[in-house]
Amino acid sequence: MSASAQPSLRDEVGKAREMALGAIAGAADSMGLRKVAAELAHKQSALNAVRAQLGKIADASEKKLVGQALSEASGAIEQALAAREAELSAREFADQVARERMDLTEHLSAPQWGAAHIVTQATERLEDVFIGLGFQVAEGPEVETDFYNFEALNMPASHPARSEFDTMFIEPFSDDHEANTVLLRTHTSPVQIRVMQSWKPPIYAIMPGRVFRRDTPDATHMPVFHQIEGLVIDKGITFAHLAGIIEAFTKAFFGNDFTSRLRPSFFPFTEPSAEFDIRRANGSWIELGGCGMVHPNVLRAGGIDPEEYTGFAFGFGIDRMAKERHAVEDIREMYTNDLRFLRQFS
Ligand code: PHE
């Protein structure tokens, strides 16, 4: 080997070292850097090629110098790899955090307020008026038994009036225990019985709530609708009290230019019974609901002695009142939940 050939191995080490450091600096991401590291470790890499020739160097001091250059180069490359790795992975982590960041700050534009549905508004106004007249508000279950919905209201099994209530049954009607048959209440009148059973007279109660009948929806009917029931039980209550309360309610709710009338009617749970209508200022009438003196059998079913107490009851549809008040043409519009319709009343 010529003397000039010896320093050229050291030059090769220097060149290989520069190339390696350049490749490390040029790696764009940690994946690229791993590829560079693998190439440098390969036994055919430029440095390893020099290392393979180390044994063939005859001159001991030159061999030592080349060896030193190799180990310095390896050290520098290792360091550069570690530094670049730290730099790239820190940047990649920061990028990932930025990418995955979720904006959990609140939306600070003006909140959108909802409003009570017109049937809820009507119910609340009705409650206010009756509370003003000295009534208390009560509620009962929507899923009832045959006993409360029919039997206790003086409609025993096979009573013809039952067929007027197109009942939705939860359980098939059972012949043995028909009083326990479970159904969706067809009116709020069963709450009369529950109030009589749990309160003591005097009772001045109103009972609003949802009721259910097997009806095909049309402009004036829905299978699910709302009623408000009234019940007064006290000593010496007469039909005149009933007429007086209906009139007081009419004026308080609709206004002083409205008046009420009662027409004879029939309900199994009241005797005598009447229907009541409200007269508008223009002379036209709105049919509102039913009422009457609580039947003695109903008082007994509620655990009240008909010799000691008498009372009256009334019931009418709330949806229809909301429909009248807001001149809604088709009652179904109130339940399609079209916000353009509902916002008119908020
Ligand atoms: N429950 C009757 C109905 O739904 C209304 C009513 C209530 C009649 C109270 C008289 C007394 O038609």
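Residues numbered from 1 in each chain as written. Predicted model: local features only at pLDDT ≥ 70, side-chain atom pairs only at ≥ 80, totals over all residues. Heavy atoms only, no water.

J.: Just give me the short version of the overall build of the protein, but keep the residues and values in it.
T.: When you go through the protein residue by residue, the secondary structure sums to eleven helices and nine strands. Computed over its C-alpha atoms, the radius of gyration of the protein comes to 45 Å, more than 25% above the 20 Å expected for a compact globule of 346 residues. The C-alpha extent of the protein, read off along each of the three principal axes, is 135 × 55 × 35 Å. Out of the 346 residues in the protein, the part that is buried amounts to 40%. (Helix = DSSP H or I, 4+ residues; strand = E, 2+ residues; numbered from the N terminus. Rg over C-alpha atoms; globule rule 2.2 N^0.38 Å. Buried < 20%, exposed > 50% of the residue type's maximum accessible area, 1.4 Å probe, protein only.)

J.: Outline the confidence of the model for the protein, supporting the account with residue identities and numerical values.
T.: Low pLDDT marks regions whose predicted coordinates should not be analysed in detail. Model confidence for the protein is summarised by a mean pLDDT of 91, while 97% of its residues fall at 70 or above. Contacts for the low-pLDDT stretch residues 1–6, under 50 throughout, to residues beyond four places or in other chains number four contacts. (pLDDT = per-residue confidence, 0-100. Contact = heavy atoms within 4.5 Å.)

J.: Before we move on, can you summarise the packing of aromatic side chains with the specific residues and values?
T.: Per the counting criterion, the structure on display carries 15 aromatic pairs. Centroid distance Phe-249 to Phe-253: 5.6 Å. Interplanar angle 25°. Geometry classified as stacked. On the criterion of helical spacing, the pair formed by Phe-249 and Phe-253 is a turn pair, its members being four residues apart in helix 8 (residues 239–254). We classify Phe-249 as buried; its relative accessible area is 1%. Positioned over the ring face of Tyr-148 is Arg-194, at 3.8 Å from the centre of the ring. (Phe/Tyr/Trp six-rings, centres within 6.5 Å; stacked < 30°, edge-to-face > 60°. Lys NZ or Arg CZ within 6 Å of the ring centre and 35° of its normal.)

J.: Summarise the side chain of Lys-323; cite the residues concerned and give the values.
T.: With respect to the element layout, Lys-323 can be found in helix 10 (residues 318–325). Within the buried set, Lys-323 has no salt-bridge partner at all; the shortest N-O distance to an opposite charge, 5.1 Å, is to Glu-324. (Lys, Arg positive; Asp, Glu negative; His and termini not counted. Salt bridge = Lys/Arg side-chain N within 4 Å of Asp/Glu carboxyl O.)

J.: I'd like a rundown of the pattern of salt bridges, residues and numbers included.
T.: Taken as a whole and judged by the stated rule, the model has twelve salt bridges. A salt bridge links Arg-210 to Glu-142, with the nearest nitrogen and oxygen atoms 3.2 Å apart. Pair noted here: Arg-210 is in strand 4 (residues 203–212) and Glu-142 is in the loop between strand 1 (136–137) and strand 2 (143–145), with a separation of 68 residues, a long-range link.

J.: Summarise the packing of helix 3 (residues 46–53) against helix 4 (residues 60–100); cite the residues concerned and give the values.
T.: In the contact formed by helix 3 and helix 4, the axes pass within 11 Å of each other and the chain directions differ by 155°. Classed by the angle they form, the pair helix 3 and helix 4 counts as roughly antiparallel. Regarding helix 3 and helix 4, the two cross each other, and that crossing is left-handed. Residues Leu-47, Val-50 and Arg-51 of helix 3 lie in contact with helix 4, whose contacting residues are Val-66, Leu-70, Ala-73, Ser-74 and Ile-77. Residue classes in the contact of helix 3 with helix 4 are distributed as six nonpolar, one polar and one charged. (Axes fitted to C-alpha atoms, helices over the stretch in contact; angles between N-to-C directions. Parallel < 35°, antiparallel > 145°, perpendicular 65-115°, else oblique. Left-handed = near helix turned anticlockwise from the far one by under 90°. Nonpolar A, V, L, I, M, F, W, Y, C, P; charged D, E, K, R; others polar.)

J.: Please give an account of the sheet that holds strand 1 that cites residues and values.
T.: If you walk across this open sheet you meet the seven strands as 1-4-5-9-8-7-6, and the pairing is mixed. Every interior strand has two partners, whereas the edge strands, strand 1 and strand 6 (259–267), have only one. Two strands pair when backbone bridges link them, and strand 6 and strand 7 (residues 270–279) are joined in this way by eight bridges, in the antiparallel orientation. The residue of strand 7 that forms the bridge with Ser-260 is Ile-278. This element, helix 5 (residues 118–132), spans strand 1, strand 4, strand 5 (224–234) and strand 9 (310–317) of the sheet and lies at about 170° to strand 4. This element, helix 7 (residues 190–198), spans strand 4, strand 5, strand 8 (285–294) and strand 9 of the sheet and lies at about 140° to strand 4. (Pairing = 2+ DSSP bridges.)

J.: Mind laying out the domain arrangement of the protein, listing which residues take part and the relevant values?
T.: Taken domain by domain, the protein comprises domain 1 (6–100) and domain 2 (118–345). Taking only C-alpha atoms, the centre of domain 1 and the centre of domain 2 are 92 Å apart. (Domains from an automatic or database assignment.)

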